[in-house]
Amino acid sequence: MASWTPQPAGLQEILQTIRDSTDTQNKVQRTITHKLNSFTRVPDYIAYLAYILSAMPQEEDQIRTIAGYLLKNNARLILNASSEVAQYAKSAVLSAFRDSSALIRTAAGQDIVAFLGALEPRNWPDCLEQLLTMLDDPNNQEAAFSVFEKACEDFPRKLDIEINGTRPLDFMIPKFLMLSEHPSAKMRSHAVACLSYFVPVSSQSLFAHIDAFIACLFKRASDEDPSVRRHVCQALVLLLAARPEKLMPEMANVAEYMLYSTKDKNESVALEACEFWLTFAEDPELAPYLRPLLGRVAPVLLDCMVYGEDDLIWLEGDTEDTAVPDKESDIKPRHYGGKAHGMEREGPQNGEEGTKRGAYGEENLDDDEDDDYDLDDDDDFADEMSTEWNLRKCAAAALDVLAVRFGSDLLSVLLSPLKDKLWSTDWLERESAILALGAMAEGCIDAIEEHLKVLVPYLINTLNDPKPLVRSITCWTLGRYASWCTQPVSEEHKNQYFIPTMEGLLRMVLDDNKRVQEAGCSAFATLEEDAGTELIPYLEPVLRNLVFAFQKYQHKNMLILYDAVGTLADSVGRALSNPTFVEILMPPLTARWSKLRDDDDDLIPLLECLASVTIAMGPGFAPYAPLVFQRCINIVHQQLLCYQAYQQNPDLDEPEKTFLVVSLDLLSGLAQGLGMGLEPFILQMQPNLFQLLTVCLKHPQAPVRQSAYALVGDLAMSCFSLLRPQLPAIMNELIQQLDPEPKVEFISACNNAAWSVGEVALRYGRDDPEFQQWVNPLISRLIPILLHPKAPRSLHENAAVSIGRIGLMHPVLVAPLLPEFAQAWCQALYEIRDNEEKDSAFRGLCTLVQVNPAGIAKSLLWFCNAIVRWNNPSQELNAMFAQLLTGFRNHDPTGWRAQVATFPPTIQERLAARYGV
């Protein structure tokens, strides 16, 4: 053991605090937590914890175990500890790992994993050696393997390294393969699990033994122990994702095994096997191998979607619980992203879909640091319809992906079993079939459309089912088909499908079961998005229903109700300004508003909702504007003071940014809704908006800057005369934010900055002398963004729009640079949907071409492609296109004809048809 020794007084203080931490009173707990956090500043805190864990057998196991867990949570402190403290802590946890108490051994094992993750195995090789030696010791091998499994799962890349000329994995992999034959099921399970974790990181040490590994999996496939079989399925899933070519020769056998395992009585085995089909379906290159299996796989997945007995116990589905208050634990944290400015593109964009309101999905968080040790690895997947990621939801997600991949082929396989289940007398079968219908909606819509005339009335009728779980899943599935129901194709379609769906979902919004309310409200928000202005004739009954829900809902569903009201405002726009609608909607919102304190988390979704309502109501919101404006200003001011205090004293917790962000976004909403109507508030209310805004533009937290830049753009559009005197100070901050390759967390802030400078340029007007000082600094930053191959697409688009708008106002300064960016500019914007922003940007580009026609010469194909991609250019823009194209042709008719002859036929045809060139 290393030479560090504890000071008795310090040891007693930490020990007493740990003993006190077992007190269950909340007030005591808060004090203790603060005290424990303060200990992290003691340089040898981890050594004290390691001492209590390993060297104080006279203490209760509970106290020593708490010390061990505190050590795990503070493991990263070892990186800054003195060598004496670090050496002691490492020796102590290895010693505790051999303690006679199982509790102590478990805590020490977690500490070893945490230390290995923080230090990295290359800096603690003797730990790996000791663990490997313990694998041969019958008394310690299971505990050692448990540590290995956790380490292999959490940071496989950190283990796949060379230490002093040798690779530990070159010894570990053969050892694990050998132990997969161990008589103990736990040892076999650890062995298969450890091996599988090196597949996703493409470990060469594993792939050198890939055939032996696959042979091991086939051998263990029929293992009597479900934990072993689960890890076999998991390994096959990982292999399918990383090395599918290794499985393809044996795919017939693998598929048989996975089909069999998907029906395993042990749900954890069945879930891992079901993941195989989800992974299989997600890889388009594997589709030819999956298609022949569709007839067998899809019905098995359908059967997996029936609720299990455990689910039903947890769901307590039959209660009329609308009056029962929610537990705080039921309410998952919501993440408010702040206002981001982006462009809409033509057609669906792969991988750029918004978050779906899901009945079965997990949140996919792209985490590149997948091998870092994570101390918060217990979080359940956020999801509305059940406890956690399970077989039912995995099967539904797999069916969703299969539908996208195989469309009508999948429907033809499932049509018969779906019909049987939909008309079954067993409500559980009916419920699972309705879930399947919703899961297939996106991919099978073309094939299923002919059946919707029967299915949609069936679903609307099923909203009357006595079982709440049936009503709730029916809401979700109707939401998935909302875009079909809301199509404005005919009065008959509207009366048969749109109005009954709307009325049915509104009834569910007011159901007496909270789960049904939640599903109904979420589905209605989806319907609002799809219906848009088609909802306007029905606004009064819709609003009266939503407002009644304010009296009925408990805490959790109230948050979803805010979302539905905000989405309604976004969907119907200025129609909401009708005084009747204002009178219906605003009293319950203001009643909620007056009940909530400035630091109440429930204020956040209400502010978010009001930001949409203010824009939609416009001048109709004026009576409520003074109070809302002043409160937003107060919250922004208070939050900035809190952050200033944190900067001066880093021992404080960093303030939560969301109140600041959402208040800035509501101020943006007020600017868009009221325009110059804000003038008296901006000029008279204190603290002054522009003083606060200037601080927010420099705020260290990117989401705050993001919303501040959005507010600058919205103020420029709505009340430029008030903003203009402040712009000399603001513009320098905006210019600094324009970065060709921003960090991921800065992208949205950079986007909003790029967008807002274009709005400011437009409002200054043509050749304004004050704005001229910023043209070169702006263009010298925007062009590199546009040309940077790694800049996000959204940033390319916003940069292109702002270059176009600055060019429209200052063509003489920008036109000489046209050859540098013309091609990239046209490539950035040709797929964007027609709108006013795109129109003004293209008028800017045309103006630049008029000033410098030679500047477009090398990019003429891209310029013409961008022109013909327009559907409805404004009259002014269309005239500019015609003038430029005719000018090119008349300047050199022979050269023009020769060049156009090299263009793709579609472009040639559209140029001739629209512009006669």
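Source: prediction; values computed, not measured.

A. Region of interest: the overall build of the chain. Across its full length, the chain carries 49 helices and zero strands. Against the globule reference of 29 Å for 917 residues, the chain gives a C-alpha radius of gyration of 32 Å, in line with a compact fold. In terms of principal-axis extent, the alpha carbons of the chain reach across some 90 × 70 × 65 Å. Here the chain holds 917 residues, and the buried ones make up 56% of them. Excluding contacts between residues fewer than 6 apart, the proportion of contacts in the chain whose partners are at least 24 apart in sequence is 76%.

B. View of the packing of helix α4 (residues 61-73) against helix α6 (residues 102-119). As a packed pair, α4 and α6 sit with axes 9 Å apart at the nearest point and diverge in direction by 10 degrees. Compared by their axis directions, α4 and α6 come out roughly parallel. Contact residues: Asp61, Arg64, Thr65, Gly68, Tyr69, Leu71 and Lys72 in α4; Leu103, Ile104, Thr106, Ala107, Gln110, Asp111, Ala114 and Phe115 in α6. Residue composition of the contact of α4 with α6, by class: seven nonpolar, four polar and four charged.

C. Molecular detail of the pattern of salt bridges. This model, assessed by the stated rule, comprises 42 salt bridges. Across the pair Arg64 and Asp61 runs a salt bridge whose closest N-O atoms are separated by 3.9 Å. Residue Arg64 and its partner Asp61 are both found in helix α4; the two are separated by three residues, about one turn of the helix. For Arg64, a relative accessible area of 3% corresponds to the buried category. Take Asp61: its relative accessible area is 28%, and that puts it in the partly exposed class. Across the pair Arg230 and Glu272 runs a salt bridge whose closest N-O atoms are separated by 3.8 Å. In this pair, Arg230 sits in helix α14 (residues 226-242) while Glu272 sits in helix α17 (residues 267-282), placing the two residues 42 residues apart along the sequence. By relative accessible area, Glu272 is classed as buried at 15%. One continuous salt-bridge network, built from bridges that share partners, spans Glu759, Arg763, Arg805, Glu836, Asp839 and Arg843.

D. View of a negative patch on the surface. Where like charges cluster on the molecular surface, the negative patch consists of Glu267, Glu309, Asp310 and Glu388. Relative to the helices and strands, Glu309 is located in helix α20 (residues 309-315).

E. Spotlight on the side chain of Thr474. Structurally, Thr474 is set in helix α25 (residues 468-480). When sequence neighbours within four positions are dropped, the list of residues in contact with Thr474 reads Ile434, Leu459, Thr462 and Leu463.

F. Looking closely at the packing of aromatic side chains. Under the criterion given, the structure shown has 27 aromatic pairs. Seen in terms of ring centroids, Phe550 and Tyr562 are 6.0 Å apart; in terms of plane orientation they differ by 50 degrees. Their pairing is tilted. Here the residue Phe550 occupies a position in helix α29 (residues 539-552), and Tyr562 occupies one in helix α30 (residues 555-572), the gap between them amounting to 12 residues. Seen from their ring centres, Tyr764 and Phe771 are 5.4 Å apart, and the 50 degrees between their planes marks the pair as tilted. With a relative accessible area of 0%, Phe771 lands in the buried category. Among the aromatic residues, those joined into a cluster by ring pairs are Trp825, Phe842, Trp870, Phe881 and Tyr915. Note that Arg392 overlies the ring of Tyr307, its terminal NZ or CZ placed 3.8 Å from the centroid.

G. Layout of the nonpolar core. Core analysis: the largest hydrophobic core is formed by 333 residues, its most contacted members being Trp277, Trp825 and Phe863. Looking at this core element by element, the count peaks at 11 residues for helix α21 (residues 391-406). Those residues in contact with Phe863, other than ones at most four positions away along the chain, are Cys826, Leu845, Cys846, Val849, Ile856, Leu884 and Phe888.

H. Here's a closer look at the environment of Arg793. Inspection of the secondary structure puts Arg793 in helix α42 (residues 793-809). The sequence separation of Arg793 and Ala761 amounts to 32 residues, and the corresponding C-alpha distance is 22 Å.

I. Looking closely at the confidence of the model for the chain. Summarising the model, the chain shows a mean pLDDT of 91, and 93% of its residues fall at 70 or more. Across residues 348-386 the pLDDT falls below 50, and counting only partners more than four positions away or on other chains, this stretch makes 85 contacts in the model.

J. Looking closely at the packing of α6 against helix α8 (residues 141-154). The N-to-C vectors of α6 and α8 enclose an angle of 35 degrees; their axes lie 9 Å apart at closest approach. The handedness of the crossing between α6 and α8 comes out as right-handed. Within the contact between the two elements, α6 uses Gly109, Ile112 and Val113 and α8 uses Val147, Lys150, Ala151 and Asp154.

K. Up close: unusual backbone geometry. Of the consecutive residues Gln686 and Pro687, the connecting peptide bond is found in the cis state with omega at -5 degrees. Locating Pro687 in the fold gives a position in the loop between α35 (679-684) and α36 (689-697). Despite not being glycine, Asn164 shows a phi value in the positive range, around 50 degrees. By secondary structure assignment, the location of Asn164 is in the loop between α9 (156-159) and α10 (168-179). Even without glycine at this site, Asp767 takes up a positive phi of about 55 degrees. Tracing the backbone through its elements, the reader meets Asp767 in the loop between α40 (747-764) and α41 (769-787).

L. Quick peek at the environment of Leu505. Checked against the element boundaries, Leu505 lands in helix α27 (residues 491-509). Exposure remark for Leu505: the relative accessible area of 0% places this residue in the buried category. Along the backbone, Leu505 and Cys521 are 16 residues apart, and their C-alpha atoms lie at a distance of 7.5 Å. Discounting residues that sit within four places of it in the chain, Leu505 has contacts with Leu463, Cys475, Leu478, Gly520, Ala523, Phe524 and Leu527.

M. Expanded view of empty space enclosed by the protein. This model, assessed by the stated rule, comprises one cavity of 30 Å³ or more. Its volume calculated, the largest cavity comes out at about 30 Å³. Residues belonging to the lining of the largest cavity are distributed by class as follows: three nonpolar, three polar and two charged.

N. Representation of helix α33 (residues 625-648). The end-to-end C-alpha distance of α33, which contains 24 residues, comes to 35 Å, matching closely the 34 Å that a straight helix rising 1.5 Å per residue would cover. The inward-facing, buried residues of α33 contact α31 (579-595), α32 (603-617), α34 (658-674), α35 and α36.

Procedures and definitions
- Residues numbered from 1 in each chain as written.
- Predicted model: local features only at pLDDT ≥ 70, side-chain atom pairs only at ≥ 80, totals over all residues.
- Heavy atoms only, no water.
- Helix = DSSP H or I, 4+ residues; strand = E, 2+ residues; numbered from the N terminus.
- Rg over C-alpha atoms; globule rule 2.2 N^0.38 Å.
- Buried < 20%, exposed > 50% of the residue type's maximum accessible area, 1.4 Å probe, protein only.
- Contact = heavy atoms within 4.5 Å.
- Axes fitted to C-alpha atoms, helices over the stretch in contact; angles between N-to-C directions.
- Parallel < 35°, antiparallel > 145°, perpendicular 65-115°, else oblique.
- Nonpolar A, V, L, I, M, F, W, Y, C, P; charged D, E, K, R; others polar.
- Salt bridge = Lys/Arg side-chain N within 4 Å of Asp/Glu carboxyl O.
- Patch = residues over 30% accessible without salt bridge, like charges linked within 9 Å, V, L, I, M, F, W, Y side chains within 5 Å.
- Areas by Shrake-Rupley, 256 points an atom, 1.4 Å probe, with all protein chains shown as cover.
- Lys, Arg positive; Asp, Glu negative; His and termini not counted.
- Charge placed at Lys NZ, Arg CZ, Asp CG, Glu CD.
- Phe/Tyr/Trp six-rings, centres within 6.5 Å; stacked < 30°, edge-to-face > 60°.
- Lys NZ or Arg CZ within 6 Å of the ring centre and 35° of its normal.
- Core = buried A, V, L, I, M, F, W, Y, C linked by side-chain atoms within 4.5 Å.
- pLDDT = per-residue confidence, 0-100.
- Left-handed = near helix turned anticlockwise from the far one by under 90°.
- 1 Å grid on protein atoms, 1.4 Å probe; cavity = no way out; pocket = protein on both sides within 12 Å on 5 of 7 lines; lining within 4 Å.
- Points joined across faces, edges and corners; volume = space filled by probe spheres on them.
- Expected span 1.5 Å × (residues − 1).

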